[in-house]
Amino acid sequence: MKGMEALSAWTQHCMAEASEQWTAQAWLTCLRPASYAYGAAISLRAALFASGLARTRRLPVPVLSVGNVSAGGSGKTPFVEMLAARLREQGQRVVIISRGYRGSLKKPTIVSDGRDLRCKPPVAADEAYLLAKHLPGVAVLTGADRYRVGEVALEQVDCGVIILDDGFQHLRLYRDLDIVLVDAVNPLGYGRLLPSGLLREPPEAFGRADIVVVTHADAGRDLDPAIQAIRRYAPTTPIAMAVHRPVSLIDVSGGERLGLERLTGQRVLAASGIANPSRFEATLVQLGAFVVARRVFPDHHRYSTADLEIINEAARKSGASMVVTTEKDMVKLTYLDLAKVEAPFYALSISLELVEGAEILDAMVSRLVKLSAS
């Protein structure tokens, strides 16, 4: 597993540096045949569903899918949280269903029934557990077969509307609304299919979306290229804009929430295992911190005691006054002996906010919910 994580991290480095490093170009060229094979496989799969040879099944409640075309970094988890909270505030009985990536169980699992947390990592997937903690009153379930998980939700929890986390490619389950997220900075995943690029399917898939949400719309770049890229494949699909807002610092050891002003003037070691660590580090700088060192682990990394020792040594050598990680990483770190890190250890909590197009999304969702209730 460690070797695969290292290879994945190196490949993503090559994607980012391909225009400048011949070694990166060479490695991605070696991966091209695998991308062609992957593309053929997903085309065959799509054809099977389109012809009816593979079956799409429908649940008796509205299913809202939140997904993307490119792997990683688009902000699905905070968007799902925001959408679930909006629906819950409107009195809807919300259930979130996800695959449960890196959770130890593949069968249908109730992480939260909306009242109580029933399992924790590593049994529960990290992101599912985080959603369950943040959303009291919202049930969270995981499992590989999302249709079967939906049946369990209808049988065992209070279910009126389902949010399918990372569901755009899950063709076995019918979705009443497909919400597709796009990273403003890298909307087309380097223009190549996995594994030589980040595309999970060809960009023509944008044509299946009911609404596209451009995330990280405040990343300081011109949004026109991202919008033009979407319009090339989805000329009439509504487009919304979203930004990520830092909320607070969380003491990783005790869970206490602190104000963001605590970062001002601090020498920080940034430690993360996410798809886009540079964006996380840029946020720390924007909040007034000096990032004096960084320790980057692969996305969805499962931390060990040895990793804590690496972080502690890096903090000591750099003279960091605190270590800051992401809230997603914090879920996995809290089960280790954090006393091995001498510097204060915090997580940065982030929320997502729709700054354009919220009324369009609300109208789409409201129409579906009303039709279901009638």
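Note that the structure is a prediction, hence the values are computed from the model and not measured.

**Regarding the overall build of the protein**
Step number 1: Helix and strand content of the protein: 10 helices and 13 strands.
Step number 2: Here the protein has a C-alpha radius of gyration of 21 Å; the compact-globule value for 374 residues is 21 Å, and the two agree.
Step number 3: For the protein, the spread of C-alpha atoms along the principal axes amounts to about 60 × 50 × 35 Å.
Step number 4: Sequence-distant contacts, at least 24 apart, represent 74% of the contacts inside the protein between residues at least 6 apart.
Step number 5: Carbon and sulfur atoms provide 53% of the accessible area of the protein, an area that totals close to 17000 Å².
Step number 6: The centroid of the 43 positive side-chain charges in the protein is displaced by 5 Å from the centroid of its 40 negative side-chain charges.

**Side note on the packing of helix α3 (residues 76–89) against helix α10 (residues 358–373)**
In a packed pair of helices, the relevant descriptors are the angle between the two axes and the axis-to-axis distance.
Step number 1: Running from N to C, α3 and α10 cross one another at 60°; their axes reach a closest spacing of 12 Å. If you check the angle between α3 and α10, you find them oblique. For the pair α3 and α10, the sense of crossing is right-handed. Contact with α3, carried on its side by Phe79, Leu83, Arg86 and Leu87, involves Ala358, Leu361, Asp362 and Val365 of α10 and no other residues of that element.

**Describing the side chain of Asp329**
Step number 1: Relative to the assigned elements, Asp329 resides in helix α9 (residues 327–333).
Step number 2: One buried charged residue, Asp329, forms no salt bridge at all, with the nearest opposite charge on Lys332 at 4.1 Å.
Step number 3: Setting aside residues up to four positions removed in sequence, Asp329 forms contacts with Ala271, Ser272, Gly273, Ile274 and Tyr303.

**As for the nonpolar core**
Step number 1: Residues Phe79, Leu83, Ile96, Ile163, Ile179, Leu354 and Leu361 are the most contacted members of the largest nonpolar core, which totals 40 residues.
Step number 2: Each residue touching Ile96, except ones within four places of it in the same chain, is listed here: Val80, Ala84, Leu131, Leu135, Val138, Ala139, Val140, Leu141, Ile163 and Asp165.

**Details of the pattern of salt bridges**
Step number 1: Under the criterion given, the structure shown has 20 salt bridges.
Step number 2: When the shortest N-O distance is used, the salt bridge between Asp113 and Arg115 registers 3.4 Å.
Step number 3: The class of Asp113 is buried, set by a relative accessible area of 9%.
Step number 4: For Arg115, a relative accessible area of 67% translates into the label exposed.
Step number 5: Of the charged contacts in the structure, one is a salt bridge between Asp299 and Lys328, with a shortest N-O distance of 3.0 Å. Here the residue Asp299 occupies a position in the loop between β11 (290–296) and α8 (305–318), and Lys328 occupies one in helix α9, the gap between them amounting to 29 residues.
Step number 6: Taking relative accessible area as the criterion, Asp299 reaches 25% and is therefore assigned partly exposed.
Step number 7: Here the residues in one salt-bridge network are Asp113, Arg115 and Arg118, joined through shared partners.

**So, the packing of aromatic side chains**
Step number 1: In the structure shown here, the tally under the stated rule is one aromatic pair.
Step number 2: With a centroid separation of 5.1 Å and an interplanar angle of 70°, the aromatic rings of Phe297 and Tyr303 are classed as edge-to-face. With respect to class, Phe297 is no different from Tyr303; both count as buried.
Step number 3: Of note, Arg208 hangs over the ring of Phe168, and the distance from its end group to the ring centre comes to 4.1 Å.

**Here's the deal with a nonpolar patch on the surface**
Step number 1: On the surface, Met4, Leu7 and Trp10 cluster together to form a nonpolar patch covering roughly 310 Å² of accessible area.
Step number 2: Mapping Trp10 onto the fold places it in helix α1 (residues 2–17).

**Topic: the environment of Arg55**
Step number 1: Note that Arg55 resides in the loop between α2 (22–51) and β1 (63–68).
Step number 2: In this structure Arg55 comes out as exposed when scored by relative accessible area, which is 62%.
Step number 3: Sequence spacing of Arg55 and Leu173 is 118 residues, and the spatial spacing of their C-alpha atoms is 8.7 Å.
Step number 4: In this structure, Arg55 is in contact with Phe49 and Arg172, ignoring residues within four places of it in sequence.

**Examining α2**
Step number 1: Spanning 30 residues, α2 covers 43 Å between terminal C-alpha atoms, matching the ideal 44 Å at 1.5 Å per step.
Step number 2: All buried positions along α2 are accounted for by Ala24, Leu28, Leu31, Ser35, Gly39 and Phe49.
Step number 3: A positive backbone phi angle near 90° is found at Gly52, which sits one or two residues after α2.

**Structural notes on the packing of α3 against helix α4 (residues 126–134)**
Step number 1: Between α3 and α4, the shortest axis-to-axis distance is 11 Å and the interhelical angle comes to 30°. The angle between α3 and α4 falls in the class roughly parallel. The interaxial crossing formed by α3 with α4 has right-handed handedness. Counting all contacts with α3, which are made through Thr77, Val80 and Glu81, the residues of α4 involved are Glu127, Leu131 and His134.
Step number 2: Among the residues forming the contact of α3 with α4, the class breakdown is two nonpolar, two polar and two charged.

Conventions we followed
- Residues numbered from 1 in each chain as written.
- Predicted model: local features only at pLDDT ≥ 70, side-chain atom pairs only at ≥ 80, totals over all residues.
- Heavy atoms only, no water.
- Helix = DSSP H or I, 4+ residues; strand = E, 2+ residues; numbered from the N terminus.
- Rg over C-alpha atoms; globule rule 2.2 N^0.38 Å.
- Contact = heavy atoms within 4.5 Å.
- Areas by Shrake-Rupley, 256 points an atom, 1.4 Å probe, with all protein chains shown as cover.
- Lys, Arg positive; Asp, Glu negative; His and termini not counted.
- Charge placed at Lys NZ, Arg CZ, Asp CG, Glu CD.
- Axes fitted to C-alpha atoms, helices over the stretch in contact; angles between N-to-C directions.
- Parallel < 35°, antiparallel > 145°, perpendicular 65-115°, else oblique.
- Left-handed = near helix turned anticlockwise from the far one by under 90°.
- Buried < 20%, exposed > 50% of the residue type's maximum accessible area, 1.4 Å probe, protein only.
- Salt bridge = Lys/Arg side-chain N within 4 Å of Asp/Glu carboxyl O.
- Core = buried A, V, L, I, M, F, W, Y, C linked by side-chain atoms within 4.5 Å.
- Phe/Tyr/Trp six-rings, centres within 6.5 Å; stacked < 30°, edge-to-face > 60°.
- Lys NZ or Arg CZ within 6 Å of the ring centre and 35° of its normal.
- Patch = residues over 30% accessible without salt bridge, like charges linked within 9 Å, V, L, I, M, F, W, Y side chains within 5 Å.
- Expected span 1.5 Å × (residues − 1).
- Nonpolar A, V, L, I, M, F, W, Y, C, P; charged D, E, K, R; others polar.

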